[in-house]
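Architecture and fold: a report
Okay, here's what each chain looks like letter by letter:
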Amino acid sequence: MNQLDKIVALCKRRGFVYQSAEIYGGLNGVYDFGPLGTLLKRNIRDAWIQSIFTTQNNILFLEGALLGSHAMWEASGHTQNFSDPLVDCTNCNRRFRADDIDLEKICPVCGKKAWTDIRQFQLMFQTQVGAAADSSSIAYLRPETAQSIFVQFKNIMSTNRVKIPFGVAQIGKAFRNEITPKQFLFRMREFEQMELEWFCKPEQVDKFFPLWVTSREQFYEHVGINKKRIKLREHDKKELAHYSARTTDIEYEFPFGWKELEGIADRGDFDLKQHSKHSGKDLSVYDDETKQSYIPHVIECSVGVDRLFLTLLCDAYTEDTIDGEERTVLKLSSKIAPIKAAFLPLVKKLSEPMRNIYQDIAARGYMVEFDESGSIGKRYRRQDEIGTPLCFTYDFESADDNCVTVRNRDTTKQERISIEKIEAYIQASLA
Ligand code: GAP
């Protein structure tokens, strides 16, 4: 089994990620997140919010609608430009992204060479809103969260006490009818984005663009990703998206190669200008200093929650041997780990005092787990696999010395600490 397959299996075995509608055969490129996956995603979102706020504090949030009108996506350029090159094999009828395969070679599925011409495939999911089935009712599921920020720019400015430069951030679902969803959470059809649109004066772009690139790069180190597996890559002119004047990708070395984790784009005034033109509404801002109106420029930082989820798992996934026994361990940073600590009575008859300690810590707001079933070794292995940094164990001496042992996930070393110090110990690991 390769590393990605092992991660997919672990995700299912431990309740991080399930194939959507699995009992009906699944829906390709769509996943449900289980109890641990949900917690991990929440930690990812929290870490992202904290990171953008510590870079710049004048950031507002928006929660835009998932459905958008035809007019909006026409203005943004997505109805015309948001497509991928598609090619079919006329022998086995399989479809491929033309830029994913070598058309000089045979079909990787059937071994024949019978390609159609390349044509563009629209990635937006189109739907019909309301009972009337005419062109006026066409709507799309959003393929990026960013557009509602641009469309609501005037409302946001006029209803909040903000001045350029400031940011609007959004975390939410996006949908793309990817031709070939693949590599688990890497390329999905329904996914979640964390996007920041930073509005500034045109002359401030050269200052803020590198600032955001550096901040975003540091974020990945902060959440525990090995910086040797992170690099920056500048897009060349040919690969720029239709809205971008400049893009720097933050790439991660996945088990399947270096790939984009996050894109940082200089969107210039493209979006606000387009929406101004198509809606007829003035989206310019008045500058008190120059006494002139101008359209703000936008620097965008955009990363997928699910793609970062996969990155964190790839980076944390470790197999090692402890005292002659093989184990799998997720070396997630404590900030990101779904469960911060586990409370384990050495044997079942010591459950009650350990449960009381656990309940006390849980009531103080820590995401912790209590587990009394199975051998202590098995319970440690389970916590290692889900990335729990600390395991506290109540044993036969605990009632006398008022202490528990605490086991470090990565080193498996144990030390004895007083029960009163448990909360401080957890807090120190989260710092
Ligand atoms: N608003 C800009 C934008 O959407 P993008 O490069 O198409 O740019 C931004 O997407 C980020 O969203 C990517 O870097 C990736 O992390 C995530 N993403 C894009 N498509 C995805 C997909 N099909 N599945 C999972 N994540 C995806």
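Residue positions are given per chain, counting from 1 as you read along its sequence in written order. Selection of residues for local features in this predicted model requires a pLDDT of at least 70, selection of side-chain atom pairs for listing and counting requires 80 or more, and totals for whole chains, interfaces and linings are taken over all residues. Side-chain measures were taken over the full set of non-hydrogen atoms in the model, leaving aside hydrogen atoms and water.

1. Brief notes about the overall build of the protein
Note the following rule: Only DSSP runs of H or I covering at least 4 residues are called helices, and only runs of E covering at least 2 are called strands; the numbering of each starts at the N terminus. We call a residue buried when its accessible area falls under 20% of the maximum for its residue type, exposed when it is over 50%, and partly exposed in between, using a 1.4 Å probe and counting protein chains only. Working rule for contacts: check all heavy atoms of both residues, and any pair within 4.5 Å makes them a contact. Working definition of accessibility: Shrake-Rupley area with a 1.4 Å probe, residue cover restricted to the visible protein chains.
Looking only at helices and strands, one finds 13 helices and 24 strands in the protein. The buried share among the 431 residues of the protein stands at 52%. For the protein, the proportion of contacts with a sequence separation of at least 24, taken over those separated by at least 6, is 64%. Accessible surface, the protein as shown: approximately 20,800 Å² in total, 49% of it carbon and sulfur.

2. Structural notes on the pattern of salt bridges
Put simply, the rule is: Basic side-chain nitrogens of Lys or Arg form a salt bridge, by our definition, when they fall within 4 Å of a carboxyl oxygen of Asp or Glu.
Tallied over the entire structure, the rule returns 39 salt bridges. A salt bridge links arginine 267 to aspartate 271, with the nearest nitrogen and oxygen atoms 2.8 Å apart. Residue arginine 267 shares its accessibility class with aspartate 271, and that shared class is buried. Across the pair aspartate 360 and arginine 364 runs a salt bridge whose closest N-O atoms are separated by 2.7 Å.

3. Comments concerning the nonpolar core
To keep things clear, this is the line we draw: In plain words, nonpolar cores are sets of buried Ala, Val, Leu, Ile, Met, Phe, Trp, Tyr and Cys residues tied together by side-chain atoms within 4.5 Å.
Within the largest apolar cluster, 61 residues are counted, with the highest numbers of intra-cluster contacts made by Phe16 and Leu308. The element that contributes the greatest number of residues to this core is helix α9 (residues 305-316), accounting for eight residues. Once you skip the residues sitting within four places of it in the chain, leucine 308 turns out to touch Ile44, Met194, Phe219, Tyr220, Ile225, Leu261 and Val303. Membership of the second largest hydrophobic core comes to 19 residues, among which are Ala341, Ile357, Tyr358 and Ile417.

4. Considerations on the site of the ligand
Here is the rule: A cutoff of 4 Å decides nearness: a residue is near a molecule or strand if any of its heavy atoms lies inside that distance of it. Think of a polar contact as two N or O atoms within 3.5 Å of one another; within protein, one of them needs to be a possible hydrogen donor and the other a possible acceptor, and neighboring residues in sequence only count if both atoms come from side chains. Gly is placed with the polar residues, together with every amino acid not listed as nonpolar (Ala, Val, Leu, Ile, Met, Phe, Trp, Tyr, Cys and Pro) or charged (Asp, Glu, Lys and Arg).
By nearness alone, 21 residues border the ligand, and Glu144, Arg176, Glu195, Glu260 and Leu261 come closest of all. Side-chain polar atom of glutamate 144 to a nitrogen atom of the ligand: 2.5 Å apart, as the coordinates give it. Phenylalanine 186 has a polar backbone atom sitting 3.3 Å from a nitrogen atom of the ligand. Summarising the interface, the protein chains cover 91% of the accessible area of the ligand, which totals 550 Å² for the free molecule. When contributions to the shell around the ligand are tallied by element, the ones reaching two or more residues are β11 (190-200), β14 (257-268) and β17 (297-304). Broken down by element, the shell around the ligand gets its largest block of residues, five residues, from β14. Tallied by class, residues from the shell around the ligand come to seven nonpolar, four polar and ten charged.

5. Details of the sheet that holds strand β7 (residues 119-122)
Two strands in a sheet stick together by hydrogen bonds in their backbones, pointing the same way (parallel) or opposite ways (antiparallel). What counts, and what does not: Two strands make a pair as long as DSSP finds a minimum of two bridges between them. Helix axes use the C-alpha atoms of the stretch in contact, all axes being lines fitted to C-alpha atoms, and the angles between their N-to-C directions lie in the range 0 to 180 degrees.
Read from one edge to the other, the open sheet built from three strands follows the order β6-β5-β7, with strand pairing classed as antiparallel. This sheet does not close on itself; its edge strands, each paired only once, are β6 (95-97) and β7. Put simply, the sheet's adjacent strands are angled 50° from each other on average, direction ignored. In terms of strand pairing, strand β5 (residues 83-88) meets β6 through three bridges, oriented antiparallel. What sits directly across from valine 87, in β6, is phenylalanine 96.

6. Digging into the packing of aromatic side chains
Threshold: Two rings belonging to Phe, Tyr or Trp (six-membered ring only in the last case) form a pair when the distance between their centres is within 6.5 Å. Interplanar angles under 30 degrees mark stacking, angles over 60 mark edge-to-face geometry, and anything in between is tilted. Here, a charge over a ring means that NZ of Lys or CZ of Arg falls within 6 Å of the ring centre while also lying within 35 degrees of the ring normal.
Inspection of the entire model under this criterion finds 20 aromatic pairs. Taking 5.6 Å as the distance between ring centres and 85° as the angle between the ring planes, the aromatic pair formed by phenylalanine 96 and tryptophan 115 counts as edge-to-face. A residue pair is termed long-range when its members are at least 10 positions apart, and phenylalanine 96 in strand β6 and tryptophan 115 in the loop between β6 and β7 qualify at 19 residues. Of the two residues examined, phenylalanine 96 and tryptophan 115, each falls in the buried class. Put simply, the rings of Phe343, Tyr358, Phe370, Phe392 and Tyr425 touch in pairs and so form one group of aromatic residues. Across the ring face of tyrosine 243, the terminal group of arginine 267 is positioned such that the distance to the ring centre comes to 3.5 Å. Stacked on the ring of phenylalanine 186, the Lys or Arg arginine 307 has its end atom at 3.7 Å from the ring centre.

7. Structural notes on the sheet that holds strand β9 (residues 138-141)
If you walk across this open sheet you meet the three strands as β4-β9-β8, and the pairing is antiparallel. The two strands at the open ends of the sheet, each matched to only one other strand, are β4 (67-69) and β8 (126-128). Each neighbouring strand pair of the sheet contributes to a mean axis angle of 45°, computed without reference to strand direction. Relative to β9, β8 runs antiparallel, the two sharing three bridges. Paired with glutamine 126 across the two strands is tyrosine 140, which belongs to β9.

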